[in-house]
Protein chains: 4
Amino acid sequence: MKKRIIGVMGPGELGTDTDIKNAYELGKLIAQEGWILLTGGRNVGVMDAASKGAKEFGGLTIGILPNNNTKNISEFIDIAIVTDLGNARNNINVLSSDVIIACGMGLGTASEIALALKNNTPVILLSEHSESQQFFKQLSPNLVTVAVNTQTAINYVKRILME
Amino acid sequence: MKKRIIGVMGPGELGTDTDIKNAYELGKLIAQEGWILLTGGRNVGVMDAASKGAKEFGGLTIGILPNNNTKNISEFIDIAIVTDLGNARNNINVLSSDVIIACGMGLGTASEIALALKNNTPVILLSEHSESQQFFKQLSPNLVTVAVNTQTAINYVKRILME
Amino acid sequence: MKKRIIGVMGPGELGTDTDIKNAYELGKLIAQEGWILLTGGRNVGVMDAASKGAKEFGGLTIGILPNNNTKNISEFIDIAIVTDLGNARNNINVLSSDVIIACGMGLGTASEIALALKNNTPVILLSEHSESQQFFKQLSPNLVTVAVNTQTAINYVKRILME
Amino acid sequence: MKKRIIGVMGPGELGTDTDIKNAYELGKLIAQEGWILLTGGRNVGVMDAASKGAKEFGGLTIGILPNNNTKNISEFIDIAIVTDLGNARNNINVLSSDVIIACGMGLGTASEIALALKNNTPVILLSEHSESQQFFKQLSPNLVTVAVNTQTAINYVKRILME
């Protein structure tokens, strides 16, 4: 039977230190809950850190890769889905996740949040980026939640999965 | 030789009266400049109105359809690209356009703006939606321009195409 | 209103002299019928030759490009659809065409024929490759036609479009 | 670290009794080798039977679904990748698999074999369909192997993975 998948999205090359730290903790907490982690799969930024956190605490990790090979794959990915779709793969990231946690902000992440909300997938924003909070809460008031830290984000995920 | 393509993106079912009026005028002005119009191709909202404006003034129109058929195609589309990609087709919309004009705002439009900017495609925002202006200008200061009306938007397109 | 689109599919780098000659003639005949030509859009093989034939006889040409740029585009393409989907764009080629003519044979072409037939799009095989004729006619007896030359292929297209 | 993924492709609604029996055995043998099974994920034909075989023998199963939901998912899928790409998802099936076993034959399967070979992914044909054997062996002599039964197919996979 289909298992629970939690998507952690966030900047690659442009992730801040806070984003990376949060991503690692999210990966750890997701693994500890017994959920599967899904990311964009590359060996940089939030994708890599979340996958590392999940693997170090016994989780299973899926990476949805944008290219047609696994050259830039994170070493912490168990299951590589090789799409060769470029950024169109962002839609697969959100369609395949039960909940999306946006850890930090950037253009790719913004596209994933918009695509998730359009698909009625709940999104948790873990970022101090106030413009993004206002923008997405206005576009989709019922599906966007702002979390102040990683544990709060995980608590929101639990509540959403119980609905 | 490859012709110039201008993408007009905006809400479908949720387009406001102002969005629809602006979209029609954009289609007209794009046709008068001799550019090709590209939209999401369906028979609703900004897509339909822009295509109507272009066709009534002798333009050529391309519709990038999300489904695997042409059932919901705008009657003002000349060239139907049938993708069966759902919202992943949004990335094709922006990759195929020399410039994107966002006419109104919504979740699909937000995803297209983010994907365009990530691809370094210039975006002109024609909308009074101040949260979106602040959000996208912060994420990509050099590629986002706010236009106060349709003629100004077209003037910005001209300037971008001359660069 | 949506115009007629005829897809010409065939080998790129591996096209034979006969494939190239046939592709050029198909492009010419398609333009002379007033139909739009759709190809994979690159500057090699059957794609390039068919587009050249169409342009030299006043036709309109669409290229569905596999990459996220137009670096390898045929100079005979008017409308570039930039997909960044790799070979997944083959499905768009066949969904967007009213009829497919397979001019020559190869792995990409074989995938397009199979995807077209799965979508109930008629396929005309213009090739002396007997294994492919037997294979595809057995899988889809009613949708596959073998043409002995380019004019016969165009006659089949006419008949299909009148149905 | 990325785990081994074996793709089993074959007819859905049109699978024969032999196809279904072989698919179940392949799933079982793949699970017993400790490999991950990847299929098209729906609750019919070869996809469903292979996933059932893998789950009953303790394996892990991935389903690459064509729609934007999990309505038609096989109950034997652990990890659902929801693509909303229609048949364009066939390219993801083959890019994500280390080896493809084609169990039976049909139009979707033919597209997957062609896309796999174009991507230099080895394909094992488990089918008495002689036209397909001749066709694909001619197009790609070095990457196509014909297996006479499921155990032979698995032995070929082992040999390929050791290379």
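Up top you'll find the structure we're talking about.
Residues numbered from 1 in each chain as written. Chains lettered and ligands numbered in written order. Predicted model: local features only at pLDDT ≥ 70, side-chain atom pairs only at ≥ 80, totals over all residues. Heavy atoms only, no water.

S.K.: I would appreciate a short explanation of the overall build of chain A in the present structure.
M.R.: Scanning chain A from terminus to terminus reveals six helices and seven strands. Reading the helices (α) and strands (β) of chain A from amino to carboxyl end gives β-α-β-α-β-β-α-β-α-β-α-β-α. For chain A, the C-alpha radius of gyration of 14 Å lies close to 15 Å, the compact-globule estimate for 163 residues. Viewed in the frame of its principal axes, chain A has a C-alpha envelope of about 40 × 35 × 30 Å. Relative to its full complement of 163 residues, chain A shows a buried share of 64%. When contacts within chain A are restricted to residue pairs at least 6 apart in sequence, long-range pairs at least 24 apart make up 58% of them. Accessible surface for chain A amounts to roughly 6000 Å². Of this, 44% is attributable to carbon and sulfur atoms. Within chain A, the 15 negative side-chain charges are centred at a point lying 6 Å from the centre of the 14 positive side-chain charges. (Helix = DSSP H or I, 4+ residues; strand = E, 2+ residues; numbered from the N terminus. Rg over C-alpha atoms; globule rule 2.2 N^0.38 Å. Buried < 20%, exposed > 50% of the residue type's maximum accessible area, 1.4 Å probe, protein only. Contact = heavy atoms within 4.5 Å. Areas by Shrake-Rupley, 256 points an atom, 1.4 Å probe, with all protein chains shown as cover. Lys, Arg positive; Asp, Glu negative; His and termini not counted. Charge placed at Lys NZ, Arg CZ, Asp CG, Glu CD.)

S.K.: I tried to follow the interface of chain A and chain D on my own but got confused; where do I start?
M.R.: Accessible area lost when the parts come together is the quantity often used to give the size of an interface. With 24 residues of chain A in contact, the opposing surface of chain D contributes 24 residues. Summing both sides of the interface, chain A and chain D together bury roughly 2000 Å²; the carbon and sulfur share of this comes to 66%. Inspection of the region where chain A meets chain D yields one salt bridge. A salt bridge links Asp-78 of chain D to Lys-3 of chain A, with the shortest nitrogen-to-oxygen separation between them at 4.0 Å. (Buried area = accessible area lost by both parts, 1.4 Å probe. Salt bridge = Lys/Arg side-chain N within 4 Å of Asp/Glu carboxyl O.)

S.K.: What am I meant to see in the interface of chain C and chain A here?
M.R.: Each side of the interface is counted separately: chain C has five residues, and chain A has five residues. For the pair chain C and chain A, the two sides together bury roughly 270 Å², of which 50% comes from carbon and sulfur. Run the count over chain C and chain A and you get zero salt bridges. At the junction of chain C with chain A, the criterion picks out zero residue pairs in polar contact (both at pLDDT 80 or more). Counted by class, the side of chain C that touches chain A contains two nonpolar, two polar and one charged residues. (Polar contact = N/O pair within 3.5 Å; in protein donor to acceptor, adjacent residues only side chain to side chain. Nonpolar A, V, L, I, M, F, W, Y, C, P; charged D, E, K, R; others polar.)

S.K.: Help me out: how do you make sense of the packing of aromatic side chains in this one?
M.R.: By convention here, two paired aromatic rings are described through the distance between centres and the angle between planes. Throughout the structure, instances matching the rule amount to ten aromatic pairs over all chains. The structure contains a cluster of three or more aromatic residues connected by ring pairs, namely Phe-135 and Phe-136 of chain A together with Phe-135 and Phe-136 of chain B. (Phe/Tyr/Trp six-rings, centres within 6.5 Å; stacked < 30°, edge-to-face > 60°.)

S.K.: What am I meant to see in the relation of the copies chain A and chain D here?
M.R.: The two copies are related by a screw operation: chain A maps onto chain D through 180° of rotation and 0.0 Å of translation along the axis, at an RMSD of 0.0 Å. Between the two chains, the operation in question is that of a two-fold axis. Measuring from the rotation axis to each C-alpha of chain A, the shortest distance belongs to Ile-81 of chain A, at 4.3 Å. Comparing contact sets, 100% of the residues at the interface of chain A also lie at the interface in chain D, consistent with an isologous, same-surface contact. (Least-squares fit on C-alpha atoms with pLDDT ≥ 70 in both.)

S.K.: What should I look at first to understand the relation of the copies chain C and chain A in this one?
M.R.: For these two chain copies, the linking operation is a rotation about an axis paired with a shift along it. Between chain C and chain A, the superposition needs a rotation of 180° and an axial shift of 0.0 Å, giving an RMSD of 0.0 Å. The overlap is high: 100% of the interface residues of chain C also sit at the interface in chain A, so the same surface is used on both sides.

S.K.: How do you make sense of the sheet that holds strand S2 (residues 36-39) of chain B when you look at a structure like this?
M.R.: Strand pairing in a sheet takes place through backbone hydrogen bonds and is either antiparallel or parallel in direction. Residue and element names in this part refer to chain B. Across the sheet, which stays open at both edges, the seven strands sit in the order S4-S3-S2-S1-S5-S6-S7 with parallel pairing between neighbours. Looking along the sheet, the strands with just one partner apiece sit at the ends: strand S4 (79-82) and strand S7 (144-146). Neighbour to neighbour, the strand axes of the sheet diverge by 25° on average, direction disregarded. Against the sheet, helix H1 (residues 17-32) contacts strand S1 (5-9), S2, strand S5 (99-103) and strand S6 (123-126), and its axis sits at roughly 155° relative to S5. Where helix H2 (residues 45-56) meets the sheet, its contacts fall on S1, S2, strand S3 (61-65) and S5, and the angle it forms with S2 comes to roughly 165°. (Pairing = 2+ DSSP bridges. Axes fitted to C-alpha atoms, helices over the stretch in contact; angles between N-to-C directions.)

S.K.: I'm lost on the packing of helix H1 (residues 17-33) of chain D against helix H6 (residues 150-162) of chain D in this one. Help?
M.R.: Geometry of a packed helix pair, given as the angle between the helix axes and the separation of the axes. All names here are of chain D. Where H1 meets H6, the axes come as close as 9 Å, and the angle between the chain directions of the two elements is 40°. Comparing their axes, H6 and H1 come out oblique. Viewed along their axes, H1 and H6 form a crossing whose handedness is right-handed. Only Thr-150, Gln-151, Ala-153, Ile-154 and Lys-158 of H6 make contact with H1, whose side of the interface consists of Asn-22, Glu-25, Leu-26, Leu-29, Ile-30 and Glu-33. Its residues placed into classes, the contact of H1 with H6 shows five nonpolar, three polar and three charged. (Parallel < 35°, antiparallel > 145°, perpendicular 65-115°, else oblique. Left-handed = near helix turned anticlockwise from the far one by under 90°.)

S.K.: When you look at the pairing of strand S4 (residues 79-82) of chain C in this model, what are you seeing that I'm missing?
M.R.: Along any regular strand, the residues point their side chains to alternate faces of the sheet. All names here are of chain C. The alternating pattern of S4 places Ile-79 and Ile-81 on one face and Ala-80 and Val-82 on the opposite face, and all of these are buried. Sheet topology places strand S3 (residues 61-65) next to S4; four bridges connect them, and they run parallel. Among the inter-strand pairings, Leu-65 is bridged to a residue of S4, identified as Val-82.

S.K.: Help me understand the sheet that holds S3 of chain C in this model?
M.R.: All names here are of chain C. The parallel open sheet is built from seven strands, whose spatial order is S4-S3-S2-S1-S5-S6-S7. For this open sheet the edge positions go to S4 and strand S7 (144-146), each flanked by a neighbour on one side alone. Ignoring strand direction, the axes of neighbouring strands in this sheet form an average angle of 25°. Where helix H2 (residues 45-56) meets the sheet, it contacts strand S1 (5-9), strand S2 (36-39), S3 and strand S5 (99-103), and its direction lies at approximately 165° from that of S2.

S.K.: Please clarify how the pattern of salt bridges should be interpreted in this entry.
M.R.: Oppositely charged side chains can pair when the atoms bearing their charge come close. Taken as a whole and assessed by the stated rule, the structure comprises 22 salt bridges over all chains. Residue Lys-21 of chain D is joined to Glu-25 of chain D by a salt bridge in which the shortest nitrogen-to-oxygen separation is 3.5 Å. Here Glu-25 of chain D and Lys-21 of chain D lie together in helix H1, a separation of four residues that amounts to about one turn. Looking at Lys-21 of chain D, the relative accessible area reads 54%, which means it is exposed. Owing to a relative accessible area of 26%, Glu-25 of chain D belongs among the partly exposed residues under this scheme. Each of Lys-3 of chain A together with Lys-55 and Asp-78 of chain D takes part in a single network of salt bridges with overlapping partners.

S.K.: Is there a simple way to explain the environment of Phe-136 of chain D in this structure?
M.R.: Looking at where Phe-136 of chain D falls in the secondary structure, it is placed in helix H5 (residues 130-139). Residue class for Phe-136 of chain D comes out buried when judged on its relative accessible area of 1%. Counting along the chain gives 68 residues from Phe-136 of chain D to Asn-68 of chain D, while the straight-line C-alpha distance between them is 32 Å. In this structure Phe-136 of chain D touches Phe-135 of chain C together with Ala-110, Ile-113, Ala-114, Leu-117 and Val-144 of chain D, once residues within four positions along its chain are discounted.

S.K.: Please clarify how the environment of Gln-151 of chain B should be interpreted in this entry.
M.R.: Residues and elements named next belong to chain B. Secondary-structure assignment places Gln-151 in helix H6 (residues 150-162). For Gln-151, a relative accessible area of 36% gives the class partly exposed. Separated by 125 residues in the primary sequence, Gln-151 and Leu-26 place their C-alpha atoms 7.9 Å from one another.

S.K.: Hey, could you run me through the side chain of Gln-133 of chain D in this one?
M.R.: Residues and elements named next belong to chain D. Along the chain, Gln-133 turns up in helix H5. From its side chain, Gln-133 meets the backbone oxygen of Ser-127 in a polar contact 2.7 Å long. Excluding residues within four positions of it along the chain, Gln-133 makes contact with Leu-125, Ser-127, Glu-128 and Val-146.

By themselves these figures say nothing about function.
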